[in-house]
Amino acid sequence: MDEANLKLRCIPAIDKLMAAAENTPLSKAPRNTLTGILRELTEKARLMIKSGKDTDTSVEGILAWAEMLLAIKSKSSLQRVVNATGVVLHTNLGRAPLSNRAQKAVAGVMGSYSNLEYDAASGERGLRYAHVMEKLKQVTGGEDALVVNNNAAAVLLALSALAKDREVIVSRGELVEIGGSFRIPDVMKQSGARLVEVGTTNKTHLRDYEEAITPETGAILKVHTSNYRIVGFTAQPAAERLADLAHNRGIPVIEDLGSGVLIPLSVGGWQEPTAAARLANGFDLVTFSGDKLLGAGQAGIIAGKSCYINKMKRHPLLRALRIDKLSLAALEGTLQDYTLGNPYDDIPVLHMLTAEYEELRSRAEALLAALSQLPGGEWTTEILGVNSQTGGGAFPAIDLPGWAVSVASRRISPDHLAEKLRLRDIPIIVRLQDDKVLLDVRCLIMNDMEDIAEAFKEIMDITEPKEEAGY
Ligand SMILES: *Cc1c(COP(=O)(O)O)cnc(C)c1O
């Protein structure tokens, strides 16, 4: 028998490994999970031996590997990361972090039963929407409001309930695509409404809408150009005039606002229309996201006239699009920040977007000080003025001046450094710009700064002087 075959025969049987695991921490794992891990490891050992590599096939060796693998599998896949990119509403990083009040609201119901659809006063069935309805009416000025899973669902529901088999007029400048899969023409088709495009990319006049109205028209839809801006020779009718036109012809105007800003917010000198402003302009319905500028969890909000919202409440799609109780709790908590608190301070995304230049500067100085452990000569750290972004379909192409700490090492390339920062227990996501690793301080919260300092300490300790020498 050749050497490899001998080695293969040395791989312990699963039964034997299971028996040996009995007095180790592994015994706490469910049997199925443990046998799965042991099979995975013995199979790996088999492959290594077959390809001529050496591996430890002792019972102790395999059990030690099993403990490591179990520890890896015990970690959640969905986890906290540090956002040092400076993009406030980063869709890939989960959009808005929740306020304290919203976190408490979620924690208050997540491990127990709740009155989600129960009216404790009467002992009768209640409505899940009731928990946020009054608050939404207060912050939007709408007669009524409804909440669904996200804003894409809100638009789909509004079009399905109000304009199925009818025409919906949209300006050519507003045929938006958001993040690849949400495209206004596609959502329209899905709802059963027929898209009628009017105007041109840069200019749409009131008369364009007027001429497109027929007995077949179900609604006029305005769409916020969330991720692009049309500048230069442009025109669109004032909201009030469009609302008057629609009402004279007996049709509703709906606006997909996207970002859901509820209070006046000036970013880089720009403002986006609030839900309340649009309803005050005379629009019948507005829809917007819960986890963009509103600052809560994923949700889609519809506010406006009761007669239209009642149609949506009765629509069969509502059940398929309904919001989950944890998102609802987060939304209620965040809405209380608006109605009872100080939203600019209490809601993390609003605070990040309105943070004073000086506040950011002193945060950058604190981060620089936290990184002073990095040995000079090999590492260079400095504070740089940067432009952050709002992200998440709000304030497109508007720079937010702020500060970052740039970190460079003579031994590790920026790409490699960024990778090392990502491949930790708590990943740190940085910005790479002009061949530099930038830690934008705008979106740092909680213990982020300590985690960044800790990360660099780890990287320093494991970076051998010979690694990538000469970079
Ligand atoms: C973001 C956005 C959407 C999609 O909202 P979700 O809450 O992500 O589903 C739809 N329309 C506009 C204009 C948006 O900005």
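The structure under discussion appears in the preceding block.
Scoring rules and cut-offs
Residues numbered from 1 in each chain as written. Predicted model: local features only at pLDDT ≥ 70, side-chain atom pairs only at ≥ 80, totals over all residues. Heavy atoms only, no water. Axes fitted to C-alpha atoms, helices over the stretch in contact; angles between N-to-C directions. Helix = DSSP H or I, 4+ residues; strand = E, 2+ residues; numbered from the N terminus. Parallel < 35°, antiparallel > 145°, perpendicular 65-115°, else oblique. Left-handed = near helix turned anticlockwise from the far one by under 90°. Contact = heavy atoms within 4.5 Å. Nonpolar A, V, L, I, M, F, W, Y, C, P; charged D, E, K, R; others polar. Buried < 20%, exposed > 50% of the residue type's maximum accessible area, 1.4 Å probe, protein only. Polar contact = N/O pair within 3.5 Å; in protein donor to acceptor, adjacent residues only side chain to side chain. Pairing = 2+ DSSP bridges.

Draft legend 1. Up close: the packing of helix α3 (residues 31-50) against helix α4 (residues 59-74). The contact between α3 and α4 brings their axes to 10 Å, and the two run at 120°. The orientation of α3 relative to α4 falls into the category oblique. When you trace α3 past α4, the crossing you get is right-handed. Between α3 and α4, the contacting residues are Thr33, Ile37, Leu38, Glu40, Leu41 and Thr42 on the first element and Ile62, Leu63, Trp65, Ala66, Leu69, Leu70 and Lys73 on the second. Residues of the contact of α3 with α4, tallied by class, amount to nine nonpolar, two polar and two charged.

Draft legend 2. How the structure looks around the environment of serine 99. In this structure, serine 99 sits in the loop between β2 (87-89) and α5 (100-110). Residue serine 99 is classed as buried on the basis of its relative accessible area, which comes to 1%. For the pair formed by serine 99 and valine 349, sequence separation is 250 residues and the distance between their alpha carbons is 8.9 Å. Among residues more than four places away in sequence, those in contact with serine 99 are Thr334, Asp337, Asp346, Ile347 and Pro348. A distance of 3.1 Å separates the side chain of serine 99 from the backbone nitrogen of alanine 102, its partner in a polar contact. A distance of 2.6 Å separates the side chain of serine 99 from the side chain of aspartate 337, its partner in a polar contact.

Draft legend 3. Looking closely at the environment of methionine 352. Considering the arrangement of structural elements, one finds methionine 352 in helix α16 (residues 348-354). Since its relative accessible area comes to 4%, methionine 352 is described here as buried. As a C-alpha pair, methionine 352 and glutamine 373 span 21 residues in sequence and 27 Å in three-dimensional space. When residues no more than four places from it in sequence are discounted, the contact partners of methionine 352 are Val88, Pro97, Arg442, Cys443 and Ile445.

Draft legend 4. How the structure looks around the sheet that holds strand β18 (residues 428-433). The sheet built from six strands is open, its strands ordered β1-β18-β19-β17-β16-β2 with mixed pairing. Only two strands of the sheet have a single partner each, and these edge strands are β1 (82-84) and β2. Pairwise comparison of adjacent strand axes, ignoring direction, gives a mean angle of 35° for this sheet. Taken together, the four bridges between strand β17 (residues 400-409) and strand β19 (residues 436-440) define a ladder with antiparallel strand orientation. Considered in β19, the bridge of valine 407 is made with valine 437.

Draft legend 5. Spotlight on the sheet that holds strand β14 (residues 285-289). A sheet is described by the order of its strands in space; here seven strands give the open sequence β5-β15-β14-β11-β10-β6-β9, paired in mixed fashion. Of all the strands in the sheet, the pair left with one neighbour each is β5 (144-148) and β9 (194-198). Taken over all neighbouring pairs, the strand axes of this sheet differ in orientation by 25° on average, direction set aside. In terms of strand pairing, β5 meets strand β15 (residues 300-304) through five bridges, oriented antiparallel. By the bridge assignment, aspartate 144 is partnered in β15 with glycine 304. Of the strands in this sheet, β5, β14 and β15 touch helix α12 (residues 306-313), which is tilted by about 30° from β5.

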